[in-house]
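Single-letter residue listing:
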Amino acid sequence: QVQLVESGGGLVQAGGSLRLSCAASGVTFSNFAMGWFRQAPGKEREFVSQINWSDLSTYYLDSVKGRFTISRDNAENTVYLQMNSLKPEDTAIYYCALDHIPPRMRVGFPINWGQGTQVTVSS
């Protein structure tokens, strides 16, 4: 019933910025988390970031900390990922995710997924 729609992916030069958006619909949970995963060719999916709706706690993959910032729009159930100082290693398909048990997202088992948006960083 929960649907997630991502947008904002594209091609950017190394050192540039992109802003990903994910809008959730059909959400009935009173407390939940939204976040982002990514998967590069030939590699496993990895956790990137999340934000908890109740207290705005945030979590980041070590390699993106200080470069990426996650935020929310509570009125529209939308999460954003501002990506600055992008590197070619950030190239991947980025997937939005939502879970009503926030700790479950960080260990890689969210229950709701978007279809993904491609981010490509050129050198």
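Structural data are supplied above this passage.
Keep in mind that what you see is a predicted model, and the values were worked out from it rather than measured.

Conventions used here
Residues numbered from 1 in each chain as written. Predicted model: local features only at pLDDT ≥ 70, side-chain atom pairs only at ≥ 80, totals over all residues. Heavy atoms only, no water. Helix = DSSP H or I, 4+ residues; strand = E, 2+ residues; numbered from the N terminus. Rg over C-alpha atoms; globule rule 2.2 N^0.38 Å. Buried < 20%, exposed > 50% of the residue type's maximum accessible area, 1.4 Å probe, protein only. Pairing = 2+ DSSP bridges. Axes fitted to C-alpha atoms, helices over the stretch in contact; angles between N-to-C directions. Salt bridge = Lys/Arg side-chain N within 4 Å of Asp/Glu carboxyl O. Disulfide = S-S within 2.5 Å.

Points about the overall build of the protein chain
Point 1. For the protein chain, the count of helices and strands is 1 helix and 11 strands.
Point 2. Traced from its N-terminal end to its C-terminal end, the protein chain shows the element sequence β-β-β-β-β-β-β-β-β-α-β-β.
Point 3. For 123 residues, the compact-globule estimate of 2.2 N^0.38 gives 14 Å, and the protein chain sits close to it at 13 Å.
Point 4. With the C-alpha coordinates aligned to their principal axes, the bounding extent of the protein chain is approximately 45 × 30 × 25 Å.
Point 5. A total of 123 residues make up the protein chain; the buried ones form 44% of that total.

Regarding the sheet that holds strand S1 (residues 3-7)
In sheet architecture, strand pairing relies on hydrogen bonds along the backbone and comes in two forms, parallel and antiparallel.
Point 1. If you trace the 4 strands from one edge of the open sheet to the other, you get S1-S3-S8-S7, paired in antiparallel fashion. Every other strand in the sheet has two partners, leaving S1 and strand S7 (68-73) as the edge strands with one partner each. Each strand of the sheet is rotated relative to its neighbour by a mean of 15°, with strand direction disregarded.
Point 2. Across 6 bridges, strand S3 (residues 18-25) lies against strand S8 (residues 78-83) in antiparallel orientation. When the bridges of S8 are listed, Leu 18 appears paired with Met 83.

Observations concerning the pattern of salt bridges
Point 1. In the structure shown here, the tally under the stated rule is 4 salt bridges.
Point 2. For the salt bridge of Arg 38 with Glu 46, the shortest nitrogen-to-oxygen distance reads 2.8 Å.
Point 3. Residues Arg 67 and Asp 90 are paired through a salt bridge, measuring 2.8 Å at the closest nitrogen-oxygen approach. Taken together, the positions of Arg 67 in the loop between strand S6 (58-60) and S7 and Asp 90 in the loop between S8 and strand S9 (92-99) put the pair 23 residues apart, joining distant regions of the chain. Summarising the burial analysis for this pair, Arg 67 and Asp 90 share the class buried.
Point 4. Each of Arg 38, Glu 46, Arg 67 and Asp 90 takes part in salt bridges that share partners, so that together they form one network.

Quick word on the pairing of S1
Along any regular strand, the residues point their side chains to alternate faces of the sheet.
Point 1. Burial along S1 is one-sided: the face carrying Leu 4 and Glu 6 is buried and the face carrying Gln 3, Val 5 and Ser 7 is not.
Point 2. With 5 bridges joining them, S1 and S3 adopt antiparallel strand pairing. What sits directly across from Glu 6, in S3, is Cys 22.

Details of the state of the cysteines
Point 1. One pass over the structure, following the stated rule, counts 1 disulfide.
Point 2. Disulfide partner of Cys 22: Cys 96, at an S-S distance of 2.0 Å. With the S-S dihedral at roughly -85°, the linkage between Cys 22 and Cys 96 falls on the left-handed side. Here Cys 22 is found in strand S3, whereas its partner Cys 96 is found in strand S9, with 74 residues between them in sequence.

Observations regarding the environment of Asp 62
Point 1. Residue placement: Asp 62 occurs in the loop between S6 and S7.
Point 2. Look at Asp 62 and you get exposed, because its relative accessible area is 70%.
Point 3. On a C-alpha basis, the gap between Asp 62 and Val 48 in space is 8.6 Å, while along the polypeptide they are 14 residues apart.

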